[in-house]
Amino acid sequence: MTLNRNHVAVLGATGSIGTATADVLQHLAKTDPDGNWRMWAASGHQNLPELTKIAAQMDSPPQRLILSSPEAAKSFDGTDALASKYDVGVGTNALVDVAMSPEVDTVVAAIVGRAGLESTLAAIDAGKRVGLANKETMVVAGPLVRQMMAKSGSELLPVDSEHSAIFQCLGNWASTRADTRADGTSGDSDAPANHAPKPRKLILTASGGPFREWSSDRIADASPADALAHPTWEMGRKISIDSATMMNKALEIIEARWLFDLPADAIEVFVHPQSIIHSMVEFDDGSVIAQMSPPDMRLPIQFALTYPRRLPSQSPPLCRKQSYDLTLEPADHGRFPALSLGFEVAKAGGTAGAVLNAANERAVGLFLDGKIRFTDIAAGCRDVLENHTHEENPSLSRMLELDRWARVEVDRRFSQ
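Keep in mind the model is a prediction, meaning the values are calculated, not measured.

Draft legend 1. Summary view of a nonpolar patch on the surface. Among the surface-exposed residues, Met292, Tyr324 and Leu326 lie close enough to one another that they form a single nonpolar patch of about 240 Å² accessible area. By the element assignment, tyrosine 324 lies in the loop between helix H14 (298-306) and strand S12 (329-330). According to the relative accessible area criterion, tyrosine 324 is partly exposed, its value standing at 32%.

In structure tokens:
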């Protein structure tokens, strides 16, 4: 029997998603007899010791390691002892090469922020299955991604727990739509395509972050340490701040709009502090389907890797011996104005996503450095967004140009 080849490139292997992916791959390699799972390549930003530690823990070590940092590229001269053990690449071009390599079947796009854009687009252009944890790809270039997928045949499987939940709740709806013939019938049967269940609302859930019960005045005085203290998830610094501002949910609104090709007004957000309901879908008949599980990122990661198969995972099941309070609260746009930005940008499309994402990344950096207040993050993003000239159909080069412009504008705004 010929085994299925599942060579995976984990881009962003040293982050929380990357290390969880390594766990999943080790698990699948041992438990899926038909899978032939292997981490074929792994990247980190500049933490070479951590990257090599992850590589050494794999039963089948990666063929390639990549350092994406320009500074790391300058310091690595190819004479290191690692060069004899691994094929070590440096810089963005090395990430793109791996993402497009014929040796790679699946790319887990887990590089945080704008830095992951080129390699993710390269994987999509090459027709790979992409486990998407880099929401900024859809925020910055959602329309372009959809065009590239239609041309290349790439599969985009969401890794974010919320979007994975929506994908699971939708079931066969997305594939039924994708298989619709020009005459309006389904590619799978002779039944009219409009007989397929249709989603009316995508309902994203949010933990509410560390400031869910804080007053507006108290939030205004929040320190970086306060904002980094997430009550549920262990995440990197930038993502933790995004959770505190709820900008992460704003970006997820934009991502959902392009990932599932539904308008902004078909998306809603509820605060669910227990993080058991990961998201929900309401269909035209009023039925609401939810995906539920204890908070563990290994579940959506494995689902993205093995879809459409569901295999036993390391993730713990819901405990049947305890009671659960499952709270759903309307999101408060007054205390968390980033949410309104998310809906506005999802509706506007065009250049708005690139500008919002870049402005937020730079503002978060200034906050972590102690140079601006917590509430300045969303306010600064709105100011920059409202002062850019919106374009409906920008090229990738134009979006990257506006990415650079927005970062400079944030610095200029807070240097006055």
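Draft legend 2. Highlighting the sheet that holds strand S5 (residues 106-109). If you trace the 7 strands from one edge of the open sheet to the other, you get S4-S3-S2-S1-S5-S6-S7, paired in parallel fashion. Pairing within the sheet leaves two strands with one partner each, and these edge strands are strand S4 (87-90) and strand S7 (155-158). Neighbour-to-neighbour, the strand axes of this sheet turn through a mean angle of 20°, independent of strand direction. With 4 bridges joining them, strand S6 (residues 129-132) and S7 adopt parallel strand pairing. Across the sheet, the residue bridging to arginine 129 is glutamate 155, located in S7. In the packing of helix H1 (residues 16-31) onto the sheet, contacts are made with strand S1 (6-11), strand S2 (37-44) and S5, and the angle to S2 comes to roughly 165°.

Draft legend 3. Spatial organisation of the pattern of salt bridges. Following the criterion strictly, the structure yields 29 salt bridges and no others. The residue arginine 382 makes a salt bridge to glutamate 344 at a minimum N-O spacing of 2.8 Å. One end of the pair, arginine 382, is in helix H17 (residues 376-386); the other, glutamate 344, is in helix H15 (residues 338-348), with 38 residues separating them in the sequence. Residue glutamate 401 pairs with arginine 398 through a salt bridge whose shortest N-O separation is 3.0 Å. A residue pair is termed a helical-turn pair when its members lie 3 or 4 positions apart in one helix, as glutamate 401 and arginine 398 do in helix H18 (residues 396-415) at 3 residues. Judged by relative accessible area, which is 23%, arginine 398 ranks as partly exposed. Through salt bridges with shared partners, one network takes in Arg5, Glu103 and Asp105.

Draft legend 4. Structural context of the packing of helix H12 (residues 237-245) against helix H16 (residues 352-368). Contact geometry of H12 with H16 gives a least axis separation of 10 Å together with a crossing angle of 100°. On the basis of the axis angle, H12 is roughly perpendicular to H16. Seen from H12, the contacting residues are Arg237, Lys238, Ile241 and Asp242; seen from H16, they are Asn360, Glu361, Val364, Phe367 and Leu368. When its residues are assigned to classes, the contact of H12 with H16 shows 4 nonpolar, 1 polar and 4 charged.

Draft legend 5. Broad picture of the packing of aromatic side chains. Per the stated rule, a full pass over the model turns up 6 aromatic pairs. On the basis of an interplanar angle of 65° and a centroid distance of 6.3 Å, the ring pair of phenylalanine 167 and phenylalanine 303 is categorised as edge-to-face. Taken together, the residues span a long stretch of sequence, with phenylalanine 167 in helix H8 (residues 161-170) and phenylalanine 303 in helix H14 at a distance of 136 residues. Each of the two residues, phenylalanine 167 as well as phenylalanine 303, counts as buried. Through pairs of rings, three or more aromatic residues link up here, namely Phe211, Trp214, Phe367 and Phe374. The cationic tip of arginine 218 hangs over the ring face of tryptophan 214; the distance from NZ or CZ to the ring centre is 3.7 Å. Against the face of tryptophan 258 rests arginine 257, its NZ or CZ located 3.8 Å from the ring centre.

Draft legend 6. Inspection of H17 at higher detail. Burial in H17 covers these residues: Ile377, Ala378, Gly380, Cys381, Val384 and Leu385. In an axial view of H17, the angular spread of the buried residues amounts to 160°, which keeps them on one side of the axis.

Draft legend 7. Structural detail: the UniProt feature "binding site: 1-deoxy-D-xylulose 5-phosphate" (unreviewed entry) in the protein. Here the UniProt-annotated "binding site: 1-deoxy-D-xylulose 5-phosphate" (unreviewed entry) positions come out as Lys135, Ser161, Glu162, Ser207, His230, Ser243, Asn248, Lys249 and Glu252. Examined against the element boundaries, serine 161 turns out to sit in helix H8. Serine 161 gets classed as buried once you look at its relative accessible area, which sits at 8%. Overall, glutamate 162 belongs to the buried group, its relative accessible area being 11%. With residues up to four places along the chain from it excluded, the contact list for glutamate 162 reads Leu204, Thr205, Lys249, Glu252, His278 and Ser279.

Draft legend 8. Examining the nonpolar core more closely. Counting 121 residues, the largest nonpolar core has Phe211, Leu305 and Phe374 as its most contacted members. Top element by residues in this core is H16. It accounts for 10 residues. Dropping the residues within four chain positions of it, phenylalanine 374 is found in contact with Phe211, Ile219, Ala220, Ala222, Ala227, Ala244, Thr245 and Phe367.

Draft legend 9. Structural detail: unusual backbone geometry. With omega at 10°, the peptide bond leading from tyrosine 307 into proline 308 counts as cis. Its place among the elements puts proline 308 in the loop between H14 and S12. The residue aspartate 261 is not glycine, and still its phi comes out positive at about 55°. Examined against the element boundaries, aspartate 261 turns out to sit in the loop between helix H13 (247-259) and strand S9 (267-271). Taking the relative accessible area as the measure of exposure, aspartate 261 reaches 32% and is therefore partly exposed. Although it is not a glycine, serine 275 adopts a positive phi angle of roughly 55°.

Draft legend 10. View of the pairing of S2. Among the 8 residues of S2, 7 are classified as buried, and the element is accordingly described as predominantly covered. Sheet topology places S1 next to S2; 6 bridges connect them, and they run parallel. Bridging from a neighbouring strand, valine 8 pairs with methionine 39 of S2. Chirality of the crossover, the property in question, places the unit of S1, H1 and S2 among those that are right-handed. Examined bridge by bridge, S2 and strand S3 (residues 64-67) share 4 bridges and lie parallel to one another. What sits directly across from alanine 41, in S3, is arginine 64. Taken together, S2, helix H2 (residues 48-57) and S3 constitute a β-α-β crossover, and its handedness is right-handed.

Rules and cut-offs
- Residues numbered from 1 in each chain as written.
- Predicted model: local features only at pLDDT ≥ 70, side-chain atom pairs only at ≥ 80, totals over all residues.
- Heavy atoms only, no water.
- Patch = residues over 30% accessible without salt bridge, like charges linked within 9 Å, V, L, I, M, F, W, Y side chains within 5 Å.
- Areas by Shrake-Rupley, 256 points an atom, 1.4 Å probe, with all protein chains shown as cover.
- Salt bridge = Lys/Arg side-chain N within 4 Å of Asp/Glu carboxyl O.
- Helix = DSSP H or I, 4+ residues; strand = E, 2+ residues; numbered from the N terminus.
- Buried < 20%, exposed > 50% of the residue type's maximum accessible area, 1.4 Å probe, protein only.
- Pairing = 2+ DSSP bridges.
- Axes fitted to C-alpha atoms, helices over the stretch in contact; angles between N-to-C directions.
- Contact = heavy atoms within 4.5 Å.
- Parallel < 35°, antiparallel > 145°, perpendicular 65-115°, else oblique.
- Nonpolar A, V, L, I, M, F, W, Y, C, P; charged D, E, K, R; others polar.
- Phe/Tyr/Trp six-rings, centres within 6.5 Å; stacked < 30°, edge-to-face > 60°.
- Lys NZ or Arg CZ within 6 Å of the ring centre and 35° of its normal.
- Arc of directions from axis to C-beta.
- UniProt positions renumbered as here; feature names shortened; annotations may be inferred.
- Core = buried A, V, L, I, M, F, W, Y, C linked by side-chain atoms within 4.5 Å.
- Right-handed = clockwise from strand over helix to strand, strands pointing away.

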